[in-house]
Amino acid sequence: MREIVLDTETTGFDPHRGDRLVEIGAIELLNHMPTGRTYHQYIFPERDMPDGAFGVHGIGPDLLVPPRPPKAGEVILKDKPLFKAIAKDFLDFVGNSKLVIHNAAFDMKFLNAELKTHGFPSLPWEQAIDTLAIARKKFPGSPATLDALCRRFSIDNSSRTLHGALLDSEILAEVYLELIGGRQPDLVLAPVGSSVKSSENDSAEETWRPIRRPVPLHACITDEEAAAHTAFVDKLGDGALWKKFN
């Protein structure tokens, strides 16, 4: 099962009032585990960067063309591509995989607004998995921000001094695994010699089914304990369930 954990950064809150995407970060999961394959892209928004948005993600103001040499680590968007230039590569990376997003409505709204503006097909809303909704359902009444969930699950987010799409995606991938039941939610322990098949080109697996042991396990109870149990069952009469299944 392939999933894409995704995050975006923007110039504001509403694409219908002129706000735009400035960064997309995503990582690939197979069977809930990161593969190491990522997608990361800064985007020139064709507008200024409000101070409020700059304070959240640190991607500079004034079209990111400062009247000075850029500081170390400062992102200059002026030389980055427009969304229409990267849309196909982004859609190819995503494919039809489920999109794991924290507050999915926000990111999907911006992604689809950009896609529609530039003549690309929209992403279906049902393609998204909203970890914010999962967290609120699992922990009703508790804070469900990404930082709060990191504290709950003891996930190190000390490098998250500002929002960043790729870093937030990496952190969200860890949170997502915890929300769905831990780091190995689909772990199945197969016995030695079981016929579980796997290959790079064939993801189908034969279903493992339990079989009767050829040699029963040696009983761990003493003769006295066995006798006491038999006497107890006899007191229950002929209708005792133990006599029907033993």
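K.L.:
Lay out helix 6 (residues 165-179) in plain terms, naming residues and giving numbers.
P.N.:
With 15 residues, helix 6 should reach 21 Å at 1.5 Å per residue; the first-to-last C-alpha distance of 20 Å fits that figure. Of all the 15 residues making up helix 6, twelve are buried; the element is thus mostly covered by neighbouring parts of the structure. When helix 6 is considered as a whole, its buried residues turn out to be A165, L166, D168, S169, I171, L172, A173, V175, Y176, L177, E178 and L179. Just past helix 6, the residue G181 takes up positive phi, approximately 125°.

K.L.:
Break down the packing of helix 2 (residues 83-94) against helix 3 (residues 104-117) for me, citing the residues and quoting the values.
P.N.:
It is at 10 Å that the axes of helix 2 and helix 3 come closest, and there the two elements cross at 115°. For the element pair helix 2 / helix 3, the angle class is roughly perpendicular. Handedness of the helix 2/helix 3 crossing: left-handed. Every residue of helix 3 that contacts helix 2 at F83, A87, F90 and L91 is listed here: L111, E114 and L115. When the residues that make up the contact of helix 2 with helix 3 are grouped by side-chain class, the tally is six nonpolar, no polar and one charged.

K.L.:
Mind laying out unusual backbone geometry, listing which residues take part and the relevant values?
P.N.:
Although it is not a glycine, H32 sits at a positive phi angle of roughly 75°. The exposure class assigned to H32 is buried, which follows from its relative accessible area of 7%. Phi angles above zero are rare outside glycine, and N103 is one such case at about 65°. Its place among the elements puts N103 in the loop between strand 4 (98-101) and helix 3.

K.L.:
Outline the pattern of salt bridges, listing residues and values.
P.N.:
Applying the stated criterion across every chain yields a total of six salt bridges. In this structure, the salt-bridge partner of R2 is E28, at a minimum N-O distance of 2.6 Å. Of this pair, R2 sits in strand 1 (residues 2-10) while E28 sits in strand 2 (residues 21-30), and the two are 26 residues apart along the sequence. Across the pair D14 and R17 runs a salt bridge whose closest N-O atoms are separated by 3.7 Å. Residue R17 is classed as exposed on the basis of its relative accessible area of 75%. What emerges from the salt-bridge pattern is a single network uniting R2, E28 and R37.

K.L.:
How would you sum up the pairing of strand 2? Please name residues and give values.
P.N.:
Among the ten residues of strand 2, nine are classified as buried, and the element is accordingly described as predominantly covered. Of the pairings in the sheet, the one linking strand 1 to strand 2 comprises nine bridges and is antiparallel in character. From the neighbouring strand, T10 faces strand 2, where its bridge partner is L21. As paired elements, strand 2 and strand 3 (residues 33-42) share seven bridges and run antiparallel to each other.

K.L.:
So what's going on with the environment of L177? Which residues, and what values?
P.N.:
By secondary structure assignment, the location of L177 is in helix 6. For L177, a relative accessible area of 4% gives the class buried. Through-space distance from the C-alpha of L177 to that of M33 is 8.1 Å; in sequence the pair is 144 residues apart.

K.L.:
Can you explain the environment of M33? Please cite residues and give values.
P.N.:
Within the secondary structure, M33 sits in strand 3. A relative accessible area of 37% means that M33 is categorised as partly exposed.

K.L.:
Any chance you could break down the sheet that holds strand 5 (residues 128-130) for me, citing the residues and the numbers?
P.N.:
Strand order in this open sheet of five strands is 3-2-1-4-5, and the pairing throughout is mixed. The open sheet has two edge strands, strand 3 and strand 5, and neither has a second partner. Each adjacent strand pair in this sheet contributes to an overall mean axis angle of 25°, direction not counted. As defined by bridge partners, strand 4 adjoins strand 5 across three bridges and the pair is classed as parallel.

About the thresholds
What you see as residue numbers is a count from 1 along each chain, following the sequence as written. Under the rules for a predicted model, residues below a pLDDT of 70 receive no local features and side-chain atom pairs below 80 are neither given nor counted, while totals for whole chains, interfaces and linings still include all residues. Note that the side-chain values use all heavy atoms of the structure and ignore hydrogens as well as water. Secondary structure counts use DSSP, requiring at least four H or I residues in a row for a helix and at least two E residues in a row for a strand, with both numbered from the N terminus. To estimate how far a helix should reach, multiply one less than its number of residues by 1.5 Å. Partly exposed residues are those whose accessible area sits between 20% and 50% of the maximum for their type, while under 20% is buried and over 50% is exposed, using a 1.4 Å probe and protein chains only. Axis lines are fitted through C-alpha atoms, for helices just across the contact stretch, and the angle between N-to-C directions can take any value from 0 to 180 degrees. An angle counts as roughly parallel when it lies under 35 degrees, as roughly antiparallel when it exceeds 145, as roughly perpendicular when it falls between 65 and 115, and as oblique in every other case. Crossing handedness: left-handed means the near helix sits turned counterclockwise from the far one by under a right angle, and right-handed means the same turn made clockwise. The contact criterion used is simple: two residues touch if any of their non-hydrogen atoms lie within 4.5 Å. Note on residue classes: Ala, Val, Leu, Ile, Met, Phe, Trp, Tyr, Cys and Pro are nonpolar, Asp, Glu, Lys and Arg are charged, and everything else, Gly too, is polar. Should a side-chain nitrogen of Lys or Arg be within 4 Å of a carboxyl oxygen of Asp or Glu, the pair is scored as a salt bridge. Two strands make a pair as long as DSSP finds a minimum of two bridges between them.

Worth remembering: the numbers are spatial, not functional.
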